[in-house]
Every structure is written in C-alpha cells, then in structure tokens.
Amino acid sequence: MYCSIVLSSLVGQELAIAERDTMYYLSPVIVNPIQAKERETPVTFSNLKQEQLKERYTVQDIPVLLSEMPSMTFYSENGSGIGYNYINLRGFDQRRLSVMINGIPQNDPEDHNVYWIDFPDLLASTSDIQIQRGAGSAFYGPPAIGGSINLVTTPFNEKKGIKLESLFGFQEFGGSETKLNTRKYEVSVNSGMIENQYALFAKLGKIRSEGYREHSWVDLNSYFLGAVRFDKDMTTRFHFFGGPLSDGLAYYGLPKFVNEDLQLRRVNLMSDLYKADTVTKDLSSIPRRRPQEVENFFQPHYELMNEWRLSPTYTLYNTLFFYTGEGSFDYDASWADTSALRIGSDWGIPATENPSNTLVRAYVENQQFGWLPRLEIEHENGTLTLGTELRIHRSVHWGKVQYAENLPFGYDPDYHFYEYNGEKDIVSLYAHELYRLDSNLTLMGDLQFVYNRYGIANEKFLNNSFSMPYSFVNPRIGINYNFHPEWNGYISLAYTSREPRLKNLYAAEDQWWSWQGPQFESDTTGGTMKYNFDKPLVKPERLFDVEVGVAYQTADAQVTANLFWMEFTDELVKNGQVDMFGQPVTGNAERTRHIGLEFDGVAKMNDEVSLSGNLTISQNNLVRFSTFKDASGNDLTVPFSLDGNSIAGFPDVLCNLRATYNYEGVTSSLVAKYVGSFFTDNFENGMNKNDEYTVINFEFLYQMPEVLGMEFNLRGEVRNLLNKLYLMSGEGDKFFPAAERSYLVGVTVNL
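Residues numbered from 1 in each chain as written. Predicted model: local features only at pLDDT ≥ 70, side-chain atom pairs only at ≥ 80, totals over all residues. Heavy atoms only, no water.

## Structural notes on the sheet that holds strand β8 (residues 97-101)
Item 1. With mixed pairing, five strands are arranged side by side in an open sheet as β4-β10-β11-β8-β9. Sheet topology places β4 (44-49) and β9 (104-105) at the edges, where each strand pairs with a single neighbour.
Item 2. Pairing geometry for strand β10 (residues 126-133) and strand β11 (residues 147-153), over seven bridges, is antiparallel. Residue pairing across strands places Thr126 opposite Thr153, the latter belonging to β11. (Pairing = 2+ DSSP bridges. Helix = DSSP H or I, 4+ residues; strand = E, 2+ residues; numbered from the N terminus.)

## Let's talk about the confidence of the model for the chain
Item 1. The share of residues in the chain with pLDDT of 70 or more is 92%, and the mean pLDDT across the chain is 89.
Item 2. Between residues 1-33, whose pLDDT stays under 50, and residues either more than four places distant or in other chains, the model counts 106 contacts. (pLDDT = per-residue confidence, 0-100. Contact = heavy atoms within 4.5 Å.)

## Remarks on the side chain of Ser612
Item 1. Its location among the elements puts Ser612 in strand β32 (residues 609-624).
Item 2. Residues in contact with Ser612, not counting those within four places in the same chain, are Gly601, Val602, Asn656, Leu657 and Arg658.

## Some remarks on the environment of Gln448
Item 1. Looking at the secondary structure, you find Gln448 in strand β24 (residues 441-457).
Item 2. Along the primary structure Gln448 and Gly146 are separated by 302 residues, whereas in three dimensions their C-alpha atoms are 17 Å apart.
Item 3. One polar contact links Gln448 to Ser428, side chain to side chain, over a distance of 3.4 Å. (Polar contact = N/O pair within 3.5 Å; in protein donor to acceptor, adjacent residues only side chain to side chain.)

## Digging into the packing of aromatic side chains
The relative placement of two aromatic rings is captured by the distance of their centres and the angle of their planes.
Item 1. As enumerated under the stated definition, the model contains 32 aromatic pairs in all.
Item 2. Centroid distance Phe92 to Phe568: 5.7 Å. Interplanar angle 40°. Geometry classified as tilted. Highlighted residues: Phe92 in strand β7 (residues 92-93) and Phe568 in strand β30 (residues 557-578), separated in sequence by 476 residues.
Item 3. Look at Phe568 and you get buried, because its relative accessible area is 1%.
Item 4. Over the aromatic face of Tyr212 sits the side chain of Arg266, whose NZ or CZ is 5.8 Å from the ring centroid.
Item 5. Against the face of Tyr251 rests Arg289, its NZ or CZ located 4.3 Å from the ring centre. (Phe/Tyr/Trp six-rings, centres within 6.5 Å; stacked < 30°, edge-to-face > 60°. Buried < 20%, exposed > 50% of the residue type's maximum accessible area, 1.4 Å probe, protein only. Lys NZ or Arg CZ within 6 Å of the ring centre and 35° of its normal.)

## Side note on the pairing of strand β14 (residues 198-209)
Item 1. Where burial is concerned, the two faces of β14 differ: the one with Ala199, Phe201, Lys203, Gly205, Ile207 and Ser209 is buried and the one with Tyr198, Leu200, Ala202, Leu204, Lys206 and Arg208 is not.
Item 2. With 11 bridges connecting them, strand β13 (residues 177-194) and β14 associate as antiparallel partners. Note that in β14 the partner of Val187 across the bridge is Leu204.
Item 3. Where β13 folds back onto β14 in an antiparallel hairpin, the turn is made up of three residues, including Glu195, whose phi is positive at roughly 55°.
Item 4. Across 12 bridges, β14 lies against strand β15 (residues 218-230) in antiparallel orientation. Bridged to Tyr198 within β15 is Arg229.

## A word on the pattern of salt bridges
Item 1. Applying the stated rule across the entire model yields 39 salt bridges.
Item 2. Lys184 serves as the salt-bridge partner of Glu186, at 3.6 Å between the closest nitrogen and oxygen. For the pair Glu186 and Lys184, one class covers both residues: buried.
Item 3. Members of the salt-bridge network, linked through shared partners, are Asp121, Lys163, Glu165, Lys184, Glu186 and Lys203. (Salt bridge = Lys/Arg side-chain N within 4 Å of Asp/Glu carboxyl O.)

## Comments concerning the side chain of Asn504
Item 1. Along the chain, Asn504 falls in helix α4 (residues 502-505).
Item 2. When near neighbours in sequence (up to four residues on either side) are disregarded, Asn504 contacts Gln519, Val538, Leu572 and Thr586.

## Observations concerning the environment of Asp733
Item 1. Tracing the sequence through the fold places Asp733 in the loop between β41 (727-731) and β42 (734-737).
Item 2. For Asp733, a relative accessible area of 39% translates into the label partly exposed.
Item 3. A sequence separation of 52 residues divides Asp733 from Asp681, and the C-alpha atoms of the two residues are 8.4 Å apart.
Item 4. If we skip the residues at most four places from it in the chain, Asp733 touches Leu254, Pro255, Lys256 and Asn688.

Put into structure tokens, the structure is as follows:
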C-alpha cells in the first residue's frame, strides 16, 4: 500500500492522507477549547498567526508579545520583559483570564496565576494564538472573566531540517553605558515525514538576561520534544516541554519618585516593610536585595493528544496531561524573630530574639493531571460539541531557615516552621452548539457546569484543615449575521461565576508571620477562636457580559468594532496593598461596572506597506463598595464609601499602531503603544497613579536568499526607541519602572 502524507504546520490547514484513490482529511491535532471563526462565531476575538509570530518573536516573554493585541497591557518585575511578567486584558489581571496551551489549562489551580517564566522560549514552537475577550470565552480551566488565551504548538514540518539561532541583546544603563545584557542560543531538529506516518521534533535552548534592575537576572533553559503519528482516521501527538530555571528575586515595586532618577529606578529593595521617604527621596537607608535571594524551579509538561474520526459526522478528541513542578526560592527574613520562626520555645531562647540575617527557603511541589475528552457531532445545520474536564491537583508547601546567624546550638537545618498540603479537584461538563439558521445566520448556545473543591490538609503547628466546594452554571448565547459579503455583525450574552483563589480563603504559607487567620466566619465563645469552614468571608465573583460587534473584511483590509458592557456582583478588586511577595491583595466589591469600545484593524496600503492597530476606550467604576481600611491599609471603625471611584489597575485608554514595510525579504516595523493613566488603589489617590506613557519599538528581519542549501535570517530590534522613562504598572504606592533603550541582533540558520 502506498501512502503519502503532506504535513503542514500552519494552524487551520488540513493534513491530507492519500491512499490509492481515496482521500482522507484530518485537521491538525489541536485539542483545545472551541476556536472562534470569523463571520461565524459570535465572540470578540483576535488571532496571532504563525507568520506574525515568526516576524515578531525574538527573545521576549509571551506577555510582551501579546501586549500589542487589543485591550492588552503587561508589566515586568525586572523591567526587561524577560523573567516574571504579567499580562492584563481589559484591565483584568491574568488570574482572571483563562490561559491554555493546546487547550490545556495553565492557571495555577490554587492561586489562579500564570507563571509565564515556566514556559521558556515556547513561542519558538507556537504557530497560533487566539485571544477571546469577554466572559465565558473558554470551556476548560478557570471560567474566563476578562477573556481567554490559547496557544497552539505545532512545530512539525513536512521537510527535515536543522535550525540554529543565536541572539544578543544590549541594554542602556544610566543614559551613558551600554552593556551586553541578554543572550539566546537555540538548536532544533525536524525529522520531516518518516515512513509516511511519523514526524519528530526536538528543540533545546537557553536564554540568559541580567535584567534591568539590580540582581534581577534570569537563566532559562528550555526543551521541546514532540512526536506525531498519522493513521487513516486518527492522529496522535505527544509533547514534552519545559526547562529548569533560576532567577534573582525582584518582586517589590519602587516609590513613584524613582522614575526620573537613572540610578534609583534600577534599585531592587529587600522588603516592602521598609517605607521610602517621599520628601527627601532617599532610599539609602532601605536594604537592597541580597545576592542569595534566588529562585530555582522546574515544571515539565507532558501532553498526549488524540483525534479520532469515528465517522464522517463524529470526531472524538482526547487529551491527557501531567504537569509537575518543584522548586524553591530564598528570601530575606531578617526582620523575623524566633517567635515568628517558631524556634523559641523548642530551644529555650527568648521568643523575641532576632537571629539576624535570616534567609528563608520557601519550597513548593505541585502535581496536576487531567483528562479532557470532547465529542464533536456534525449535523445537518451545524455542530454540537459535548465535553468534560477532569483535573486533580495536589501540592506540598513548606518553609525553613536556609541561613541565619545566632541560631541555637543543635538547631536542625531541615526543621520546617510551616508546612501544609494543598488540594484542588475540578470537574466541568459542557455543551456547545453552533447552529446555522441559514447560510448567513448562525446561532450559538453554550452551557457549562463547573465543580471545584479546595482543600487544606496536614498543616503543621496550627492544624487548620478544610474542604471548600464550589459549583456554578455558566450559560452563554450569541448570534452572528453576515448581512453582506464584506460585513457581519454579532451579539452575545454570557453569565459567568468563578471561585476566589485559595489565598483569599486562607494564606497558609503566611501564617508563620501574619496575624491574619483563615478568612471564614469565626466565633470566640469560650475564649478560643473557632472557624466555620463552611462559610468563607470572600464570595465568588459573578459577571453578566454583553458583547456587540461589527466587522468589515476585504482582500486588503479588515476592521472590527465592538462594545462590551460587563456588570459584576462581588468582583474581586485590588485594594492597593500587596502581600509579602509583592502580589496584590484583593477583596469583594458589591457592585462594579466595566463599559468599553474596542476597535481593531489592518489595511494593506500597497504591495510593500501595511498598517495595523487597535484602540480601546473604557470606563471601569465601583458602583457600590465600602471598605473598613484607609488608603494606607489601616483599620477604620466605620465603613468608608468608594462608590463611583475608578477601579485600580484599569486604564481608560489603550492604543497600538504598527507600520510594516515588506520588500524582497526585508520586513521592518515601527510599533507604538499608548497606555493611559490609571489609579493603583481604589481611593483615587493622586500619588498612587500610574501616569500615561507612549513607547515606540523598531523591528527588522531580513530573510536572505538561499545559499548552498542554507537559509539565513538576520534580525534586529530596538525596544524603547526614544529612551522614554516610564512606569509600566503599580500596586498602591509601589511601581515597576520599564527598562531604558535596548538593542538586539541575531542570526538564524536553517539547514
């Protein structure tokens, strides 16, 4: 039997298997949430295709690249865009987005965060990214509040080859000094088709950056191993990716006044416990980060994906995955006395004695495995999708003194002064129908049932344990109408609920130093604190979202405009305070509202020049919200109303513009981004406000003609072209400065 397979790595194209005179078509193995389609799905969304990723991606982390998409911003802890970076969509932080890779949830089950640093150089193996904006845009993972992001990795190619890449970045410091700051090395091998049935891919890479702020370096090692098998009615794929990493801690922001000082804006402070003097603008008395404050972590990802065409009308998709994560970070705790470290009574020393120069190691080990089956049924007028999500997450957390002076004689270096196990079980059932009422009218209906259960077990010392279940029903309905070959419009209505993160219920890892206990109803009758673990104080947030849009599309232009109206009950909003690791503290606001207009477009001016851009104008306000804390976090005896105030972290205006020139292998782009001002707490304190900024970048790529069977690509990049000093984001009175101007050059060789 003769069998030839033509494999394309472009998402959306088909894989054709020709067997004698019979032709079978299999879509690429992309086991993911429902991908929105233009002029069909009534959802607000944007795509980044493989060619765009190839042109734009160099060494930056995923949030940096995504920040050019509509309604998206990012900030970097170390200022460079390589390391710990955070993304916002419509002002909603990434904890409230649903982030996936090949449809597999990436939000941490316990704290909902997304640790992009755990996916080093993944964009080098990514061929498509879809961003859906608005509520209920994803079926897997945490229900989407602000939207969902799905990255699709399809690194396979029908031709065998080897790719070598080397990039070097240079950073300006203090306006007068430029240093080699960043290096990237990568080698990848593609097998092409093997025996007309198999394909293999392997990649190894390393990214090293010194960061912009002091002691904020990152060392990222990456690998991606993939294998795919094609059968007559089935495609199976296996992915194994990740990489061990190390980085210097830099999670505390800086006082706003440092922005204009070329030296102070690079400072990396040891602790948020030290307050800067805004009058003298002197930081000399505040300790700097110690070189020993370092993180080491490793999170390998194992993915097995299968697509089985049972019949011309039935297709079964299955994804099995297993993620592990293990590592620790060492941070300064010189302020901690023996009582906080729980070593006083056991060793017979005063409870308030300070060991001095204490370095604490915080350790975490995670295991998560899941099964994501999905059945697609093609019927006469549409497609019905039925699916489920099953995930189990278990974790171990502990802390110990890694180093300290004046420890008691015989102190056990492996003594854990806090320790507990975290648990999360997730079950989701859903149905999705896309029904064609006629050739131009499509009706969409979704219904999702979600069950989540948090658990805390085996807590050392305090012995608090609980099991907290949540269940939600999330419906969505929408309609798309193509009223002209070039015009279409849509409307969708969605209701979404989502549980708070585990730390909103109980910050177990903070109990060794914090006075705050479990966030549940309590009773002190009899002189002892008793908690009712069936009644948490923090409520799930609930959202009703209306999306209305119109789109225009021709061969040379594509423009979309949409309105969103998002009504929240018990939205989890930032209060301007941060925890001991620089993360924002949140709480429920009784009623909030987000209203906005989004415009997105691309136009081909001629054969060489194209323009693209987007604009967001929004209002984000507290409708009904009272607090018992003031702007400094101090307790109040009577509630203080913040009704009508702007919500922290939400800029009212965002804009991106890209001008691209293509000619005979040369692609160059000038990219401008504008982010409007926004408050960093809910009190509308003028000092706690991130000022507006505009930043311009330049990108260059030259794809040289083939020489001796080799392809050479030369690349250059200038970020912050005008050397603008600006603050990317902030929490309360702490802000994160962006790096000064930087340069990048590199070469890619395809053999």
